[in-house]
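Structural overview for review
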Amino acid sequence: MGDTGCVHFASYVKEYGYEPYSYVHGYFSACVNKEARLRKALSCLCYKCGSSGPQLYCCLHCIYFACKGAHITEHYKHTKHFMALELCYGMLYCYQCRDFIYHSKCQTIAERHLWLEARSLDKSLSWRPWSPSRLEIELLLKNPKRRHVTALTSIGLRGLLNLGSTCFMNCIVQALIHTPLLRDYFLAELHECTAKTAAKCLVCEVSRLFQEFYSGARGPLSLHRLLHLIWNHARHLAGYEQQDAHEFFIATLDVLHRHCKTSMKEQAAKAAAAAAAAAAAAAATDKSKSSSSTQPNSHQPMQHSGSNYLQQQGAAQQDGAGALAQSGPNALPLSTAGNQSQGGANTATSTGNQAEPNQSQCNCIIDQIFTGGLQSDVVCQACNGVSTTIDPFWDISLDLGESSNGQGGYGGPPRSLIDCLERFTRAEHLGSSAKIKCNKCNSYQESTKQLSMRTLPIVASFHLKRFEHSSLIDKKISTFISFPAELDMTPFMSQIMSDQQQQQQQQSAVPHSPSSSSSNFNERTGGANGSSTGTSLNSDSTARLPVDKSTTDFRYSLYAVINHVGTLDAGHYTAYVRHQKDIWVKCDDHIITTATLQQVLDSEGYLLFYHKKILEYE
């Protein structure tokens, strides 16, 4: 039996098509929406005994539910309806073959329904093993030589030559090479270059580097071509002096993002032009056909001979299928933040209004992996009105010095990454020198500003601001900041923080004035970075912007750490990267050595890279 099932199912499809299977699977097996779950709960019972299982079958000829065994077999003998669907696992059963059958198109329909079910229930899809397609099987047969990957394999590890104070570039490249989704994207050769010459394309060069890293060779690589392209696209990094690794990281993401965005626009323009040409050709064909025929066609297509119940469900099922056709189960996850490059326009909205979708948001691989949304809430101290602004970010820069306000016992320097994040998301009183104009008060008022995470990217990168520059002296902060191997960002999410504040307000039974309200708000949320001047504050409503609750797991796992050793004048960058599960290596230019997790956690830490443990489907 192949991918097309049995001969009996082929005859069934010829008579009924795939619609009965799609409707029954979508409503009584996978349950693609709330209505489907309700219908299954009310009507999915054995017509013989009235039970709900433990294993029900549904006849695909007449929508007859019956228990496994005598009840469904009795229906088959009485009606000769031979095709049935097992509802627990969604498997096709042929009573003439007396066996379960497999059909590739039905499997595709089932996977789409499972994706819709997961999206409707705000859950992740269960893991399914990879099965090669026919094309992939042919390619594997043409290349019989296999590379056996062991736990101690060195595939994916290559040293990088230092071209003269280029350790800042080498460590960032090592971190990007070991970013899982970025690796999968380039190794699958999904980048389609639109540049006139690939030699001038930075993305093509990065793609080539991934191929070199995973080719199986062990010798060190030279990044002279990448360095030259970076110089051409980011002029401020040109030169042979030592550069900042964080600055190089942001510049690299920006160049990759801009090129991918341009390529996507050009491809979309070509596709639109091709579609317009096809539409024009089709219109010309229809016009010629209509002019050649003077009599209308009196033949009407025959209606499907399935049950009336299936026909009644058509409209409801088409909505889910239409949404599914646009975004299949294999679509890459996409961050829901306003996806724009660093320095782009902010997505500012007043509270109480729905955030409009950004029609120009970028869907490139860089923004899908690295872009998150940072929410800034400015609260008027007179009327408690809230103004919300959402800005895209690629990384989060965290101060290590002493807090300027010294409120809430956070005057001293932080000791851990959690301390840094708590201080970053604590409210800060902007003071009388930075008053905000409140639309409700119609005057300039003192305000409080608080930052939180609106949406989180797949890769969360943290920049510990160890280099302090002032008019008097430039120095490096070498304070040890502990960071965990597993990080939970749930306490710093906008919706979570808002819910906690509302609960505390409900529990507080003592009325308080606006000034004491500000004090309590500050006590709950502490102090944060940043200031704002000249901003118009809308206080029409204090409700927060709605958050997408489909992303419910905010746990991250550490996979790369960039360290800086030495001083500002004479320093050196190294990197720790996670090569495989529980296997870490230290990358010091062309030297690659094994390391332990404890060595990684004991390192000073300058740039920290965390990968999301569970990916959701948007």
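Just above, that's the structure.
Quick caveat: nothing in here was measured; it's all calculated off a predicted structure.

This part is about the overall build of the protein. Helix and strand counts for the protein come out as 18 helices and 23 strands. The buried share among the 618 residues of the protein stands at 44%. Relative to all contacts within the protein whose residues are 6 or more apart in sequence, the contacts with residues 24 or more apart total 71%. Of the accessible surface of the protein, which amounts to about 32,100 Å², a share of 52% is contributed by carbon and sulfur atoms.

Before going further, it helps to spend a moment on the sheet that holds strand β5 (residues 99-101). If you walk across this open sheet you meet the five strands as β2-β1-β3-β4-β5, and the pairing is antiparallel. Strands with a single pairing partner mark the edges of an open sheet, and in this sheet they are β2 (65-67) and β5. The average angle at which neighbouring strand axes cross in this sheet is 40°, direction not considered. In terms of strand pairing, strand β3 (residues 83-86) meets strand β4 (residues 91-94) through four bridges, oriented antiparallel. Residue Leu85 lies in a different strand from β4, and its bridge partner there is Leu92. Lying on the sheet, helix α2 (residues 19-29) is in contact with β1 (56-59), β2, β3 and β4; it crosses β3 at an angle near 20°.

The description of two helices packed together rests on the angle between their axes and the distance between the axes. The contact between helix α8 (residues 180-187) and helix α9 (residues 202-213) brings their axes to 9 Å, and the two run at 95°. The angle between α8 and α9 falls in the class roughly perpendicular. Note on element contacts: α9 touches α8 through Val203, Val206, Ser207, Phe210 and Gln211, opposite Leu182, Arg183, Phe186 and Leu187. Per-class residue counts for the contact of α8 with α9 are six nonpolar, two polar and one charged.

What counts, and at which threshold
- Residues numbered from 1 in each chain as written.
- Predicted model: local features only at pLDDT ≥ 70, side-chain atom pairs only at ≥ 80, totals over all residues.
- Heavy atoms only, no water.
- Helix = DSSP H or I, 4+ residues; strand = E, 2+ residues; numbered from the N terminus.
- Buried < 20%, exposed > 50% of the residue type's maximum accessible area, 1.4 Å probe, protein only.
- Contact = heavy atoms within 4.5 Å.
- Areas by Shrake-Rupley, 256 points an atom, 1.4 Å probe, with all protein chains shown as cover.
- Pairing = 2+ DSSP bridges.
- Axes fitted to C-alpha atoms, helices over the stretch in contact; angles between N-to-C directions.
- Parallel < 35°, antiparallel > 145°, perpendicular 65-115°, else oblique.
- Nonpolar A, V, L, I, M, F, W, Y, C, P; charged D, E, K, R; others polar.

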